[in-house]
Amino acid sequence: MKKLFCIIILQLSVTSIFGQDTLLKTAAIKNQFIVHYYPSAHIIGDIALGFEYAGKKRFAHEISLNVKVFPSNFYSCNKGFRTDYLFKYDLVKRKRFRLSADLTMDYMNVYFNDKEVSYFIENDLMQDRELYQIIRQSERRTGFGIGAGTSVNLKIYRHFYLGGDIIFNYISYRRTIEYHERIYYNYWQPNTYPDVPSIETYSRKIVSPIFRLKLSYLL
């Protein structure tokens, strides 16, 4: 009886060890972690990175963040961030090629403060522009919505992939402009709009397309 009990304990121990090893190997093979870099998303952010988790089946989750870090005069809004979440289902999943259908959420909050903005009047031929006022103002643009799209990834070398996203989001968009001070005004022009100081707010629903390239690394 004692000998039989020892054999059962030994068998259970061996089964447990090999069972854990099998589970670990399965998880390592089926679960993937991917880091994305979006070179085409720098209009919104100087930092444009993402992270993706691909689960055991065909489902995956990707989140991206674009943050504006360095001030610049090239863009109307030079501070803020934008983030996207993609719930992905792989239609095609091969070793070198992957195609997925996506459900998406998008949030944007970009702005600038105390910036001198020039206003021009254009003639009918749209050839000459005449400066008629300069206003010191602040502006903020926010948007939140959901949408759908598709993503593709193609293996180019070892753990490196080249891909892209095509997404259409239905966004609740809001734009707020705060006029602080009129710095210059051409009195020959009869239009004094807008009033200074004042605040204007515009809200509407829009379809916001996202077309972006990405370089990916499989961890």
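Going by the structure above, here's the rest.
Residues numbered from 1 in each chain as written. Predicted model: local features only at pLDDT ≥ 70, side-chain atom pairs only at ≥ 80, totals over all residues. Heavy atoms only, no water.

Caption draft 1: How the structure looks around the side chain of Lys 88. In this structure, Lys 88 sits in strand 4 (residues 79-93). Here Lys 88 falls in the buried class, since its relative accessible area comes to 0%. Engagement of the side chain of Lys 88 in a polar contact is seen with the side chain of Glu 52, the distance being 3.4 Å. (Helix = DSSP H or I, 4+ residues; strand = E, 2+ residues; numbered from the N terminus. Buried < 20%, exposed > 50% of the residue type's maximum accessible area, 1.4 Å probe, protein only. Polar contact = N/O pair within 3.5 Å; in protein donor to acceptor, adjacent residues only side chain to side chain.)

Caption draft 2: Focus on the pairing of strand 7 (residues 160-185). Pairing of strand 6 (residues 129-157) with strand 7 involves 24 bridges; the strand directions are antiparallel. The partner of Thr 142 across the bridge, within strand 7, is Arg 174. (Pairing = 2+ DSSP bridges.)

Caption draft 3: Examining the nonpolar core more closely. Counting residues in hydrophobic clusters, the biggest one holds six residues: Cys 77, Met 108, Val 110, Phe 112, Ile 171 and Tyr 173. Breaking this core down by element, the ones donating at least two residues are strand 5 (97-122) and strand 7. For this core, the element with the highest residue contribution is strand 5, accounting for three residues. (Core = buried A, V, L, I, M, F, W, Y, C linked by side-chain atoms within 4.5 Å.)

So yeah, pure geometry; function would need other evidence.
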